[in-house]
Protein chains: 2
Amino acid sequence: MIDPQRARDELGPLVTGPLSDDGILDRYARVVWNSLTEPGDAAAGILTESLGAFEALARVRRGDIGDSILDQSEARAALQRWEPRMRPGTVAGLLRTARAARLRLVTPADEEWPDAVDDLGAHAPLALWVRGDPRSISAARTGVAIVGARAATSYGEHVAGEFAAELTASGIPIVSGAAFGIDAAAHRATLAGGGCTIALMAGGLERAYPQAHTELVERIAATGAVVSEVAPGFAPTKWRFLQRNRLIAALSAATVVVEAGWRSGSLNTAHHASALGRAIGAVPGPVTSAASAGCHRLLRELEATCVTTAADVRELIGWGELMGLSGRDAEPRTTDATRVRDALSTRVARTTQEIARRSGLSTGEVQSHLGILHLDGVVTADAGGWRLA
Amino acid sequence: MIDPQRARDELGPLVTGPLSDDGILDRYARVVWNSLTEPGDAAAGILTESLGAFEALARVRRGDIGDSILDQSEARAALQRWEPRMRPGTVAGLLRTARAARLRLVTPADEEWPDAVDDLGAHAPLALWVRGDPRSISAARTGVAIVGARAATSYGEHVAGEFAAELTASGIPIVSGAAFGIDAAAHRATLAGGGCTIALMAGGLERAYPQAHTELVERIAATGAVVSEVAPGFAPTKWRFLQRNRLIAALSAATVVVEAGWRSGSLNTAHHASALGRAIGAVPGPVTSAASAGCHRLLRELEATCVTTAADVRELIGWGELMGLSGRDAEPRTTDATRVRDALSTRVARTTQEIARRSGLSTGEVQSHLGILHLDGVVTADAGGWRLA
């Protein structure tokens, strides 16, 4: 294995605080695990949780994990899966890249670790890489993920921007994936409003993906955080995008899909949110727009909440209850007063008897309604009878 | 009261079939009730249901209804409500108008009576006036009500027309209210497709409302039916529009709201449908369009089903199950095969070991996936290894 001093040297500024030898070896072991596994590897999650990252790794190196923790075939499959990645120099190399990119390593042992991801159980990340302020990640738990199509329309980008700006004004953090389209519109509006925004990435943080968002990612890191569970030097793949989506869902109080095609990756994020018991919102759009087809699908198939305003999104996360605000006005009730008004004219004065006949109400009822309508200034009376004011 | 011969003369062609004296007096009594009450009068519904229309009317004339059927205060209120409308000549006059307009009178005793309205209980209509084919009213029970804003946008009218045309092609009757906007678009598309459409009106059928739809209403009557529970000569009032909406909801298998403002009358129709246990669909639109705000409200507050295509509407009424058709394709599952494909390149050939390392899978798993991908023609193999085809 590795000695604590070398681990301390290689981790360097990636970790903070005075750490014991055990603490430093635990973090180093998590980096090794990170290099061996793909995101969401349940066998790795179970082993590190049961034995600690360092001891679990020592057992893997001895080829000795087939005990009560995993069953024989699972253990064998896991070892065969991890073995091809055990190559000398991999960890030293990725830590060099991480130091050069000025990243922070955050593990379950760190106070900045977002407890929300533990809801993923065995599929929780083993470690997180961060650019920016690691404390903002936990803040996302009361925030909203605004996600959607890369191929967004101007309608979708407009709505994403409006929602993000208004939620930012309410002090609500915005989580997204830094992609083209909806993601970028949400991040940009949050930055413009001086709010806190967190970007979850599908590859190593030493470079931005997409490359065209290099400056956007810099700006997010400068005020919020850019986060990935994928180690530096590892490229974003389709699998890693799908697993990244589970982190977007887990870190936020609710996921709102603004625009999404029929098979958009954003639907995957919404499904993760659903599985985690997080609220899901979908923004409707024209049924003639392919970019809204996925949102409508969420409304139909996943019973997502239809959200049309930032107020709807605040309601989704229970923000109104927290603030003691009331909902929208209740619908007015149609009463006998409506029937009395129907029976009145602005032109012709009518007697109470005539109004009773026309409204199908008794003269007594008509009189009492006319009294109230008169007080409200809705009707006027003269010698000929009643008329609408 | 009235003698059977005079009733027979006054009803004339408004009723059909050889009718007994009791039968003719029952129908005449229902016309009298119709002239005394506003739509949805529960006291009238309970009395006619309990005693028969003729006997109930005789009791009202004697001022003797305060027995076990209605409680004293209800009975007194009802008599006071009906009394102002008991004027000589009213019934003879409205029957004259009805004959001139060539209407049909349909009562619960007629085979054309649509049983669906009996779901309204005490609020069921006492009689229906019909232009066109009274048998088509019952056909509406397997049909769809397409309703919405008068102030519709071209988007809403387009969707209403598309839905109606496609449903018509499936043989599904279309119910609506003959208003400007969504209603007219639905009726017109059904007529253009040679389908059956039924219009529910809020006033007497001797003239069309709105007047600009005189020709449209003629065309609906010529192939389907135009229906009202409001007697000839009675004007449409706000109350009667709201009560008309309950008939649209009751007569159809589902109510679909295409466009509706925040306080649109179409929401009232949807609420009636909900209360009656009928399915409700709402067509989404841009959140920036006031004409879709009511639809989004139904999705949020009434748990309406989001419908974006005629196929969605057919599903709403269970038409697919009837026809033995399957739903849309299931979502494809992301599997380890995706991870293997992620690890392949079109440019560079890679060994199985290399693919295992990149995908985070064992070499055994990689080999089995490569075998399947090879059979599918997704990958090719040469001396250097595997690559994407």
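Residues numbered from 1 in each chain as written. Chains lettered and ligands numbered in written order. Predicted model: local features only at pLDDT ≥ 70, side-chain atom pairs only at ≥ 80, totals over all residues.

Undergrad: It is not clear to me how the overall build of chain A should be interpreted in this structure. Could you clarify?
TA: When helices and strands are tallied, chain A shows 18 helices and eleven strands. For 389 residues, the compact-globule estimate of 2.2 N^0.38 gives 21 Å, and the C-alpha radius of gyration of chain A, at 30 Å, exceeds that figure by more than 25%. Its C-alpha atoms put chain A at 105 × 45 × 40 Å along the principal axes. The proportion of buried residues among the 389 residues of chain A is 52%. Put simply, 70% of the contacts in chain A that link residues at least 6 apart link residues at least 24 apart. (Helix = DSSP H or I, 4+ residues; strand = E, 2+ residues; numbered from the N terminus. Rg over C-alpha atoms; globule rule 2.2 N^0.38 Å. Buried ≥ 20, exposed ≤ 12 C-beta atoms within 10 Å, placed from the backbone. Contact = placed C-beta atoms within 7 Å.)

Undergrad: Got a minute to help me understand the interface of chain B and chain A in this structure?
TA: A common way to state how big an interface is: give the accessible area lost once the parts meet. With 36 residues of chain B at the interface, the matching set in chain A holds 36 residues. Going through the elements one at a time, α5 (72-82), α8 (154-169), α11 (238-251), α13 (293-301), β9 (305-306), α16 (336-342), α17 (352-359) and α18 (363-375) of chain B are the ones with two or more residues in the side of chain B that touches chain A. Split by residue class, the side of chain B that touches chain A holds 14 nonpolar, 14 polar and eight charged. (Nonpolar A, V, L, I, M, F, W, Y, C, P; charged D, E, K, R; others polar.)

Undergrad: Can you help me understand the domain arrangement of chain A in this one?
TA: Domain annotation of chain A identifies domain 1 (4-96), domain 2 (133-323) and domain 3 (336-388). Between the C-alpha centres of domain 1 of chain A and domain 3 of chain A there is a distance of 83 Å. (Domains from an automatic or database assignment.)

Undergrad: What should I look at first to understand the relation of the copies chain B and chain A in this one?
TA: There are two copies of the chain, and a rotation about an axis plus a shift along that axis relates them. For the pair chain B and chain A, the best superposition has an RMSD of 0.1 Å and corresponds to a rotation of 180° with a translation of 0.0 Å parallel to the axis. What the superposition gives is, in effect, a two-fold axis relating one chain to the other. Relative to the rotation axis, the C-alpha of Gly285 of chain B is the closest in chain B, positioned 2.3 Å from it. Most of the interface of chain B is mirrored in chain A, where 100% of its interface residues are also at the interface. (Least-squares fit on C-alpha atoms with pLDDT ≥ 70 in both.)

Undergrad: Can you help me understand the pairing of strand β2 (residues 128-132) of chain A in this one?
TA: In the case of a regular strand, side chains alternate between the two sheet surfaces. All names here are of chain A. Along β2, five of the five residues are buried, which leaves the element largely enclosed by surrounding structure. Note that strand β1 (residues 104-106) and β2 share three bridges and pair antiparallel. Across the sheet, Leu105 pairs through a bridge with Trp129, a residue of β2. Two strands pair when backbone bridges link them, and β2 and strand β6 (residues 225-228) are joined in this way by four bridges, in the antiparallel orientation. By the bridge assignment for β6, Val130 is matched with Val227. (Pairing = 2+ DSSP bridges.)

Undergrad: Where do I start with the environment of Arg62 of chain B in this structure?
TA: Residue and element names in this part refer to chain B. Within the secondary structure, Arg62 is located in the loop between α4 (53-61) and α5. Arg62 sits in the exposed class, given 8 other C-beta atoms within 10 Å. Sequence separation of Arg62 and Glu111 is 49 residues, and the distance between their C-alpha atoms is 32 Å.

Undergrad: Which parts of the structure should I look at to understand the packing of helix α2 (residues 21-36) of chain B against helix α6 (residues 90-100) of chain B?
TA: The geometry of a pair of packed helices is captured by two quantities: the angle between their axes and the separation between those axes. Residues and elements named next belong to chain B. For the pair α2 and α6, the least separation of the axes is 10 Å and the interaxial angle reads 105°. Taken together, the axes of α2 and α6 lie roughly perpendicular to each other. Along its contact with α2, which presents Val31, Val32 and Ser35, the element α6 presents Thr90, Val91, Leu94 and Leu95. Across the contact of α2 with α6, the residue classes break down as five nonpolar, two polar and no charged. (Axes fitted to C-alpha atoms, helices over the stretch in contact; angles between N-to-C directions. Parallel < 35°, antiparallel > 145°, perpendicular 65-115°, else oblique.)

Undergrad: Looking at this structure, I do not really get the environment of Pro134 of chain B. What am I missing?
TA: All names here are of chain B. Inspection of the secondary structure assignment puts Pro134 in the loop between β2 (128-132) and α7 (135-139). Counting along the chain gives 50 residues from Pro134 to Pro84, while the straight-line C-alpha distance between them is 32 Å. Excluding anything up to four places from it in sequence, Pro134 contacts Arg104, Val106, Glu112 and Ala225.

Undergrad: Where do I start with the sheet that holds strand β8 (residues 279-282) of chain B in this structure?
TA: The strands making up a sheet associate through hydrogen bonds between their backbones, and the pairing can be parallel or antiparallel. All names here are of chain B. Spatial ordering of the open sheet is given by β1-β2-β6-β5-β4-β3-β7-β8-β9, a layout of nine strands whose pairing is mixed. Both outer strands of the open sheet, β1 (104-106) and β9, are each paired with one neighbouring strand and no more. Pairing between strand β5 (residues 197-200) and strand β6 (residues 225-228): three bridges, direction parallel. Bridge pairing in β6 links Ala199 to Val226.

Undergrad: How should I be thinking about the environment of Gly45 of chain A in this particular structure?
TA: Residue and element names in this part refer to chain A. Summarising the element assignment, Gly45 is placed in helix α3 (residues 42-51). Accessibility expressed as a C-beta count within 10 Å gives 19 for Gly45, which makes it partly exposed. Those residues in contact with Gly45 that sit more than four places away from it in its chain are Ala122, His123 and Ala124.

Undergrad: For this particular structure, what's the right way to read the confidence of the model for chain A?
TA: Close reading of the predicted structure is inappropriate where its pLDDT is low. All names here are of chain A. Per-residue pLDDT for chain A averages 92, and the proportion of residues at 70 or more is 95%. Between residues 324-333, whose pLDDT stays under 50, and residues either more than four places distant or in other chains, the model counts one contact. ipTM for the predicted complex: 0.80, alongside a pTM of 0.83. (pLDDT = per-residue confidence, 0-100.)

Undergrad: Even after reading the chapter, I still don't get the sheet that holds β1 of chain A, so can you show me in this structure?
TA: All names here are of chain A. Spatially, nine strands are ordered β1-β2-β6-β5-β4-β3-β7-β8-β9 in an open sheet, and the strand pairing comes out mixed. At either end of the open sheet lies a strand with only one pairing partner, and these are β1 and β9 (305-306). In this fold helix α13 (residues 293-301) packs onto β7 (254-257), β8 (279-282) and β9, with an angle of close to 135° to the strand it touches most, β8.

Undergrad: Any chance you could explain the pairing of strand β3 (residues 144-147) of chain A here in plain terms?
TA: Residues and elements named next belong to chain A. Both faces of β3 are covered, namely the face carrying Val144 and Ile146 and the face carrying Ala145 and Val147. Bridge count between β3 and strand β4 (residues 174-176): two bridges; the pairing is parallel. Each bridged residue has a counterpart across the sheet, and for Val144 the counterpart in β4 is Ile174. Note on the crossover from β3 through helix α8 (residues 154-169) to β4: the handedness is right-handed. (Right-handed = clockwise from strand over helix to strand, strands pointing away.)

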